[in-house]
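Examining the three-dimensional arrangement
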Amino acid sequence: MTQTQLKTKSAATFRALQCKECGAEYESKAIHVCEYCFGPLEVVYDYSTIRQTMTRETIQAGPNSIWRYRAFLPVASDQPIDVGTGMTPLVQANRLARRLGLNKLFIKNDAVNMPTLSFKDRVVSVALTRARELGFSTVSCASTGNLANSTAAIAAHAGLDCCVFIPADLEAGKVMGTLIYSPTVMAVQGNYDQVNRLCSEVANTHGWGFVNINLRPYYSEGSKTLGYEVAEQLGWQLPDHIVAPLASGSLFTKIYKGFREFVEVGLVEDKPVRFSGAQAEGCSPIAQAFREERDFISPVKPNTIAKSIAIGNPADGVYAIDIARKTNGNIESVTDAEIVEGIKLLAETEGIFTETAGGTTVAVLKKLVEAGKIDPDETTVVYITGNGLKTQEAVQGYVGEPLTIEPKLDSFERALERSRTLDRLEWQQVLV
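Residues numbered from 1 in each chain as written. Predicted model: local features only at pLDDT ≥ 70, side-chain atom pairs only at ≥ 80, totals over all residues. Heavy atoms only, no water.

Looking now at the overall build of the protein. Check the secondary structure of the protein and you find 16 helices and 13 strands. The C-alpha radius of gyration of the protein comes to 22 Å, within 12% of the 22 Å expected for a compact globule of 432 residues. A principal-axis box enclosing the C-alpha atoms of the protein has dimensions of 80 × 45 × 45 Å. Counting all 432 residues of the protein, 56% fall into the buried class. A fraction of 70% describes how many contacts in the protein between residues 6 or more apart in sequence connect residues 24 or more apart. (Helix = DSSP H or I, 4+ residues; strand = E, 2+ residues; numbered from the N terminus. Rg over C-alpha atoms; globule rule 2.2 N^0.38 Å. Buried < 20%, exposed > 50% of the residue type's maximum accessible area, 1.4 Å probe, protein only. Contact = heavy atoms within 4.5 Å.)

And the structure:
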């Protein structure tokens, strides 16, 4: 065995893939479904080794990216694909908190994540590092937009060939945000679930590395870093309550896993953390199942402006429901109009412009507070997963227009008075 092979072997802290349903174990290859029961596969780690090597100090001495947590991620290499992903701000949202009647509210702001302004940069960095280790030269994905952006950008950085698949009706910003990296882009005339089915066939016939299909067990682990960072940024402690968007349900389950792993290796003290999820009413199969106290998901056809979370048949939906129930959390849905108001509310109180998924999450936060389902004194963390510059269409017509004036002082004064009059009228309408 060469020195390089020895180094690669010693760097790995994961040992296998395991079925979440029947427990069958598999080698750590490019597979994602159990051949016995068709359950999803998940990465299994050697926590005793991690406990011996990872401390708060070693983590803080690591890179200012998700790779400070490398021992908790399913890669063997000591040289992962690091494009500065992660360590995004945890913002104490005082103005939003006051507006809602909360005392300890934080925003985990992945709207400024690198390199493509969404949390998907986390999962793709991990997936493409593992893809390279497994020998793939072409990588791909089925995407509602953000994942396509991330896969194309990080593949370009890593020198991997890239072909991505998207629904043909995606927002222009997300399409352009993929094309700029020069991948092959397939715009499929269908919704995300149809795109995903096609990609499963392509993965089987072409042998490509699909980050959210045959590489999914590794890819999904990247979301755990959103749990690690929050715990570290809160001073090595867990929050009381988190609110996060639900698409496939994977992000939700992995934040939970991240918290549990930090407890497992002694980096934080254990405590109850409530998990609440957010969906758009136009695509809310998980929220519907939670509300009706079902333990199965009935697929739906998406019809919402929140396209980034519009997955009608969510792969991890049942696991998200289980976490919400056992942590005494909730799963709620909101209308498209409430989503737009959520985007505006976050922007005008905290200066954060989020896309529709974040608008959904803020709107659900507001709904839960009004229903008395969030204790004002809980330390609550809201996950904002993408940037509003990608979905500007969602708020067009809802944010006013600039005041056009002549380059003269009196023109400015008239416009200023007009704007103040309009503001007073709006406040009067609110008071009525």
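The discussion continues.
On to the sheet that holds strand β2 (residues 25-26), then. Pairing within the open sheet is antiparallel, and its three strands lie in the order β2-β1-β3. Single-partner strands in this sheet number two, and they are β2 and β3 (41-45). Here five bridges tie strand β1 (residues 14-19) to β3, and the two strands are oriented antiparallel to one another. Residue Phe 14 lies in a different strand from β3, and its bridge partner there is Tyr 45. (Pairing = 2+ DSSP bridges.)

Read across the sheet, six strands follow the order β4-β5-β13-β10-β11-β12 without closing on themselves; strand pairing throughout is mixed. A strand with exactly one partner marks an edge of an open sheet, and here the two such strands are β4 (90-92) and β12 (331-334). Taken over all neighbouring pairs, the strand axes of this sheet differ in orientation by 25° on average, direction set aside. Most of the contacts of helix α14 (residues 336-350) go to β12, to which it runs at about 100°, and overall it touches β4, β5 (104-109), β11 (274-280), β12 and β13 (379-384). (Axes fitted to C-alpha atoms, helices over the stretch in contact; angles between N-to-C directions.)

For the structure on display, the rule yields 30 salt bridges. Residues Arg 122 and Asp 110 are paired through a salt bridge, measuring 2.7 Å at the closest nitrogen-oxygen approach. On the criterion of sequence distance, the pair formed by Arg 122 in helix α5 (residues 120-133) and Asp 110 in the loop between β5 and α5 is long-range, its members being 12 residues apart. Under the relative-accessibility criterion, Arg 122 is labelled buried at 0%. Overall, the relative accessible area of 0% leaves Asp 110 in the buried class. (Salt bridge = Lys/Arg side-chain N within 4 Å of Asp/Glu carboxyl O.)

The next point concerns the packing of aromatic side chains. Scanning the entire structure with this criterion turns up 13 aromatic pairs. Look at Tyr 69 and Tyr 228: their rings are 5.1 Å apart centre to centre, the planes differ by 50°, and that puts the pair in the tilted class. Placement of the pair is Tyr 69 in the loop between α3 (56-60) and β4 and Tyr 228 in helix α10 (residues 225-233), with a sequence separation of 159 residues. Judged by centre distance (5.5 Å) and plane angle (90°), the rings of Phe 252 and Phe 275 are edge-to-face. (Phe/Tyr/Trp six-rings, centres within 6.5 Å; stacked < 30°, edge-to-face > 60°.)

As a further point, take the packing of helix α6 (residues 146-158) against helix α7 (residues 172-179). Two measures define how a pair of helices packs: the angle their axes make with one another and the distance between the axes. Orientation of α6 relative to α7, taken along the N-to-C sense of each, is 15°, at an axis distance of 8 Å. Taken together, α6 and α7 sit at an angle that is classed as roughly parallel. In this structure, α6 crosses over α7, and the sense of that crossing is left-handed. Only Lys 174, Gly 177 and Thr 178 of α7 make contact with α6, whose side of the interface consists of Asn 146, Ala 148, Asn 149 and Ala 152. In terms of residue class, the contact of α6 with α7 is made up of two nonpolar, four polar and one charged. (Parallel < 35°, antiparallel > 145°, perpendicular 65-115°, else oblique. Left-handed = near helix turned anticlockwise from the far one by under 90°. Nonpolar A, V, L, I, M, F, W, Y, C, P; charged D, E, K, R; others polar.)

Another aspect to go through is the nonpolar core. In terms of nonpolar packing, the biggest core is built from 76 residues, with Phe 72, Leu 128, Ile 242, Phe 252, Phe 259, Phe 262 and Tyr 383 touching the most fellow members. If one sorts the elements of this core by residue count, helix α11 (residues 250-264) sits on top with six residues. One finds Val 202, Ala 306, Val 334 and Ile 343 within the second-largest nonpolar core, a separate group that totals 45 residues. (Core = buried A, V, L, I, M, F, W, Y, C linked by side-chain atoms within 4.5 Å.)

Quick look at the environment of Thr 144 now. Considering the arrangement of structural elements, one finds Thr 144 in the loop between β6 (138-142) and α6. Since its relative accessible area comes to 12%, Thr 144 is described here as buried. For the pair formed by Thr 144 and Pro 217, sequence separation is 73 residues and the distance between their alpha carbons is 19 Å. If we ignore the near neighbours within four places in the chain, the residues touching Thr 144 are Pro 167, Leu 170, Lys 174, Tyr 192, Lys 307 and Ser 308.

Here β1 runs beside β2; their pairing, made up of two bridges, is antiparallel. The residue of β2 that forms the bridge with Gln 18 is Glu 25. Linking β1 back to β2 in an antiparallel pair, the connection comprises five residues, with Gly 23 at a positive phi of about 85°.

The next subject is the side chain of Asn 149. By the element assignment, Asn 149 lies in helix α6. In this structure the side chain of Asn 149 is engaged in a polar contact, spanning 3.1 Å, whose partner is the side chain of Lys 390. Apart from residues no more than four positions distant in its own chain, Asn 149 is found in contact with Thr 116, Lys 174, Gly 177, Thr 178, Tyr 181 and Lys 390. (Polar contact = N/O pair within 3.5 Å; in protein donor to acceptor, adjacent residues only side chain to side chain.)

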